[in-house]
Structure formats: structure tokens, C-alpha cells
Amino acid sequence: MRHNPPVTSHPQEQEPIGPAAWRNWRAAESGEPWRQRVEHGLYSDSGFVSDLPDLGPYWIINTVSRSAPASPGDVQQDLVLRHDWHLPNEPLLMRGGEQKTRIDAYHGGWVDEELAALLSLALGVRCRSGGPIRFWFSADDGLGRPSTFFHRPPTISRPRHAIVPHIARDQVRLDDCRALLEGYPTLGPSQATALVRAARQYQLAVWSVDDDANLAWLQLVGALEAAATLQPLQGTSLELIDELWPELADLLRQTDLDGAKDVVNGLADLVRATKKIRQLVKRYKPEPLHPRPPEYQQVKWASLLDRVTRIYQLRSNALHKGVPMPGPLLDPPMPGGAPLPERPGATHGVDDAVWVDDDMPMYFHVFAHVVREVLCEWWKDLLTTSAE
């Protein structure tokens, strides 16, 4: 019996490789021949205009499947992703030498979900792959071979009241995301991985929110965290603590800092992630949704950084203490016409819990807008930097 070599968890020493679709695009541009062609069915609850051909080895084909206006949760196979595979069919596990855990390019999907996630983020729509529907194994394969053996249409709820009502749209122009996608292979491997991980978290959050809003909140925060990994930080450990925890910084200054060095550095690690997210949102701070509701239902945009910080804290409570996100933030915004309220406001009680206004920073649809706008501006900035 053949056994795979043991997989260890040694620290990563290899150079980053970048996600599969990114590597394949760069291989195509370098002149590598294509070895296989595959079509994948992509699902959405939005309707699209035209196709998106000639994205390197990729084509996005509009199936023109809709006969009724788009509606949240009304998911159909609206698009087909066709791609040529230019990389050797050699999994990392089959390569020689000692095997080590390697996750530097891992994002939980393959080429189809990688491209679907980038489409979802770039266009602000729901988009997921169901997997392959047709294969070509050689250039002489003619029309290819249809196959749905590996195809699994993604499931989704069709809610009576949607948590993100505007996510399903008609007449979405695929060409609007061409510039962002065409720049994708120009990124470095670490940049491409951070971008795809952020896009995947956004994609999964807006897809699952009507099924599991608590999980969707965690994923949206995770999208910001994925992007924030590339944010450089300046300042000493004490300066980092001082920005987000000034009272504690004052106490530490009154102690023997040399003797408390390990404590200070440990506390700095706790605030470092929050600092990176605040820095990211501050740099790419978006405009609010328009039109806006009456003032008493608005998020005070001048306090956006503090509200995002509070969301991050609530997310940490959910992850590390098992305390779900505040109940009112798990519900759809109260219906009553447009524009939708941006926050619950006042004080709310659900069963045996009560939340005041500061602990309900904004509704999910507003935070999804903030996250997407920040990530798209960061994406544009990555492309500018990589072109220099």
C-alpha cells in the first residue's frame, strides 16, 4: 500500500506561490501552452449585460437566463466561466522532498471560486461557482464533453425580507470590472493572495447572510482583516497601545518598562490587528450610501472609524467568547420604504438581552457597503503600486 509522506507543520520557508488562477494567468502570458479547457457554471441573483471575453486565459459568458427581474435569493446559472489551463498538472503534494504544511496561497476554493469571488467584490453582486460543467482534454476535442459529475449548485435562502435588499440587481455590466480584473496578474503573489482571501470572505458573507447573519458578520470583518495583513505599521509597542488603549498606556508608563517588556509586546499584539483595520478604513474611507434616510436613522459618518472598531470588538466577542453579534444587527433593516435606515438607533431588547445605541453601530447592508468600497479602492491602489 502506498502512503503519502508525512506532512509537518514547520514554519514556512518557501517563497509564496500565489493563488491558482493568478499563477495560471501569468503562465498563459509567459507562453505556456494550454493543457486543458474547462467551463464552470457561476450562480447569482443578479442579471448581467454582455460578456467579458479575453481576460487572459479566461472568458466570462452571459447565459441570458433571466425572464423576470432580479430578486434576492432567486439564484440562477447566470454566467459561465471558461478557462484554459496552462500550468503543469502537478499538485504540490506530489513534488519531491520533505512535505510541509503549505497554506500561503490557500483560500478555500479553486480557480472557479477565485474568479467568482473577484467578480462578486468588483461588481458588488452575489456570485458563486457550482463547479465544472464541460471539459476539453486536447485542442482536437471539438465541442468538449459536458459533465455535471462534480457540479454542485450552491444553495441559498430566498428571504421574505432581505438583509441586503439591493444586492440583487438587473443590467449589471460585466465590463465595469474589466480594469480591476485585467490588473490581477500584475500583482505580486502575496498581494494576489491577500486580495483573493478578502474577496472570498466578502463573497461568502453576502451569499450567506440571509441563512446565517452572525456568520456573515464574522466573514465581512475577516475580509477587512485579510486586506489589513499587507498594511505596514509604524511606532513602538507602547505607541500602538496608546492609540487604542490610552488609559492602559499611562499605567504602563508608570511601571518599569524594561521589566514589563514582554507584557507590553503581548498587549501590542492584541491591538495591532485593530490598528491595521482602522488604518485601512481611514485610508480608503468611502462615502455613505445615497440617498440617505432621515438623520435619526443615519450612521454618523464622522464616527465611522470608531463604529468599525466597535464591530471588530463585537466580532472578537463572537469568536472568542461565543457571544453572538447583537440581535438587531442580525435582522433585516425595518421595512417602510427607501432609503433604508442605516442603524437600529435607540435601545433594543431581544429576549433576555438589551443593547444601547453604541453597541449597534450599523446594519449589515451598510457595513457591506463600507467593506466593499474600502476593498475596491485598496485593490485599485495595489494595481497602481504594482505598475510602478
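This structure is a prediction, so every number in the text was calculated from the model and none was measured.

Asker: Looking at this structure, how should I read the packing of helix α4 (residues 189-208) against helix α5 (residues 213-228)?
Answerer: Packed helices, taken two at a time, are described by their axes: the angle between them and the distance between them. It is at 8 Å that the axes of α4 and α5 come closest, and there the two elements cross at 165 degrees. Considered as vectors, α4 and α5 are oriented roughly antiparallel to each other. The two elements α4 and α5 meet at a crossing, and its hand is left-handed. Listed contacts from α5 to A194, R197, A198, Q201, Y202, L204, A205 and S208 of α4 are A216, Q219, L220, G222, A223, A226 and A227. Here the residues of the contact of α4 with α5 sort into 10 nonpolar, 4 polar and 1 charged.

Asker: I'm lost on the nonpolar core in this one. Help?
Answerer: The tendency in soluble globular proteins is for nonpolar side chains to be buried as a group. One finds L224, F364, F367 and W378 to be the most contacted residues of the largest nonpolar core, which totals 85 residues. Here the element with the most residues in this core is helix α10 (residues 364-387); it accounts for 13 residues. Setting aside anything within four residues of it in sequence, one finds F367 in contact with W217, L220, V221, L224, V308, I311 and M362.

Asker: Help me understand the pattern of salt bridges, please; the structure alone is not making it clear to me.
Answerer: Any two side chains of opposite charge can pair, given that their charged atoms come close. Following the criterion strictly, the structure yields 23 salt bridges and no others. Between R200 and E113 there is a salt bridge, with the nearest N and O atoms lying 3.7 Å from each other. On the criterion of sequence distance, the pair formed by R200 in helix α4 and E113 in helix α2 (residues 111-123) is long-range, its members being 87 residues apart. A residue is classified by how much of its surface remains accessible, and E113, at 8% relative accessible area, is buried. Ionic pairing is found between R310 and D359, a salt bridge with its closest N-O pair at 2.7 Å. With R310 in helix α9 (residues 304-321) and D359 in the loop between β12 (353-355) and α10, this residue pair connects regions lying 49 residues apart in the sequence. We classify D359 as partly exposed; its relative accessible area is 22%. Each of the salt bridges in this network shares a partner with another, and the network as a whole consists of R66, D74, D78 and R158.

Asker: Would you mind going over α5 with me for this structure?
Answerer: Owing to its 3.6 residues per turn, the α-helix aligns residues three or four sequence positions apart on the same side. Over its 16 residues, α5 extends 23 Å from the first C-alpha to the last, a length consistent with the 22 Å expected when each residue adds 1.5 Å. Burial analysis of α5 places 13 of its 16 residues in the buried class, the great majority of the element.

Asker: Mind showing me how you'd approach the confidence of the model for the protein chain here?
Answerer: Caution is warranted with low-pLDDT regions, since their predicted coordinates should not be read in detail. Looking at the protein chain, the pLDDT average stands at 88 and 84% of residues meet or exceed 70. Between the elements of the protein chain, mean pLDDT differs from a low of 40, seen in strand β1 (residues 7-8), to a high of 98, seen in α2. Segment residues 1-12 is flagged for pLDDT under 50; beyond a separation of four residues in sequence, or across chains, it makes 19 contacts in the model.

Asker: Even after reading the chapter, I still don't get the packing of aromatic side chains, so can you show me in this structure?
Answerer: Two descriptors summarise a pair of aromatic rings, namely the distance from one centre to the other and the angle between the planes of the rings. Across all of its chains, the model carries 7 aromatic pairs by this definition. Ring geometry for W25 versus Y184: centroids 6.4 Å apart, planes at 65 degrees, classification edge-to-face. One end of the pair, W25, is in helix α1 (residues 20-29); the other, Y184, is in the loop between α3 (178-182) and α4, with 159 residues separating them in the sequence. Here W25 and Y184 have matching classes, each one buried. Judged by centre distance (5.0 Å) and plane angle (85 degrees), the ring pair of F149 and F150 falls under edge-to-face. With respect to class, F149 is no different from F150; both count as exposed. These aromatic residues form a ring-pair network of at least three members: W25, Y58 and Y184. The residue whose ring lies beneath R37 is W34, and the NZ or CZ to ring-centre distance is 4.8 Å. Lying across the ring of W136, R37 places its NZ or CZ 6.0 Å from the centre.

Asker: Looking at this structure, how should I read the pairing of strand β5 (residues 58-62)?
Answerer: Sheet faces and side chains relate simply in a regular strand, where the side chains alternate between the two faces. Residues Y58, I60 and N62 line the buried face of β5, whereas the alternating positions W59 and I61 sit on a face that is not buried. The pairing of strand β4 (residues 52-55) with β5 spans 2 bridges and is classified as antiparallel. Note that in β5 the partner of L52 across the bridge is I60. In this structure, the hairpin formed by β4 and β5 is closed by a connection of 2 residues, where G56 is found at a positive phi of approximately 60 degrees. One ladder, built from 5 bridges, connects β5 with strand β6 (residues 76-85); its direction is antiparallel.

Asker: In this structure, what is going on with the pairing of strand β8 (residues 128-136)? I would like to understand it.
Answerer: The element β8 is extensively covered by neighbouring structure, given that 7 of its 9 residues are classed as buried. Relative to β8, strand β2 (residues 36-44) runs antiparallel, the two sharing 7 bridges. Looking at the pairing, E39 lines up with R134 of β8. For β8 and strand β9 (residues 145-146), the ladder comprises 2 bridges, and the chain directions are antiparallel.

Asker: I'm lost on α4 in this one. Help?
Answerer: Relative to the 28 Å expected for 20 residues at 1.5 Å per residue, α4 spans 28 Å between its end C-alpha atoms, a close match to the ideal helical length. With 16 of 20 residues buried, α4 is to be regarded as a mostly interior element.

Asker: Sorry, what's going on with the side chain of S208 here?
Answerer: Along the chain, the position of S208 falls in helix α4. Taking the relative accessible area as the measure of exposure, S208 reaches 14% and is therefore buried. Engagement of the side chain of S208 in a polar contact is seen with the side chain of Q219, the distance being 3.3 Å. If we ignore the near neighbours within four places in the chain, the residues touching S208 are A216 and Q219.

Criteria and cut-off values
- Residues numbered from 1 in each chain as written.
- Predicted model: local features only at pLDDT ≥ 70, side-chain atom pairs only at ≥ 80, totals over all residues.
- Heavy atoms only, no water.
- Axes fitted to C-alpha atoms, helices over the stretch in contact; angles between N-to-C directions.
- Helix = DSSP H or I, 4+ residues; strand = E, 2+ residues; numbered from the N terminus.
- Parallel < 35°, antiparallel > 145°, perpendicular 65-115°, else oblique.
- Left-handed = near helix turned anticlockwise from the far one by under 90°.
- Contact = heavy atoms within 4.5 Å.
- Nonpolar A, V, L, I, M, F, W, Y, C, P; charged D, E, K, R; others polar.
- Core = buried A, V, L, I, M, F, W, Y, C linked by side-chain atoms within 4.5 Å.
- Buried < 20%, exposed > 50% of the residue type's maximum accessible area, 1.4 Å probe, protein only.
- Salt bridge = Lys/Arg side-chain N within 4 Å of Asp/Glu carboxyl O.
- Expected span 1.5 Å × (residues − 1).
- pLDDT = per-residue confidence, 0-100.
- Phe/Tyr/Trp six-rings, centres within 6.5 Å; stacked < 30°, edge-to-face > 60°.
- Lys NZ or Arg CZ within 6 Å of the ring centre and 35° of its normal.
- Pairing = 2+ DSSP bridges.
- Polar contact = N/O pair within 3.5 Å; in protein donor to acceptor, adjacent residues only side chain to side chain.

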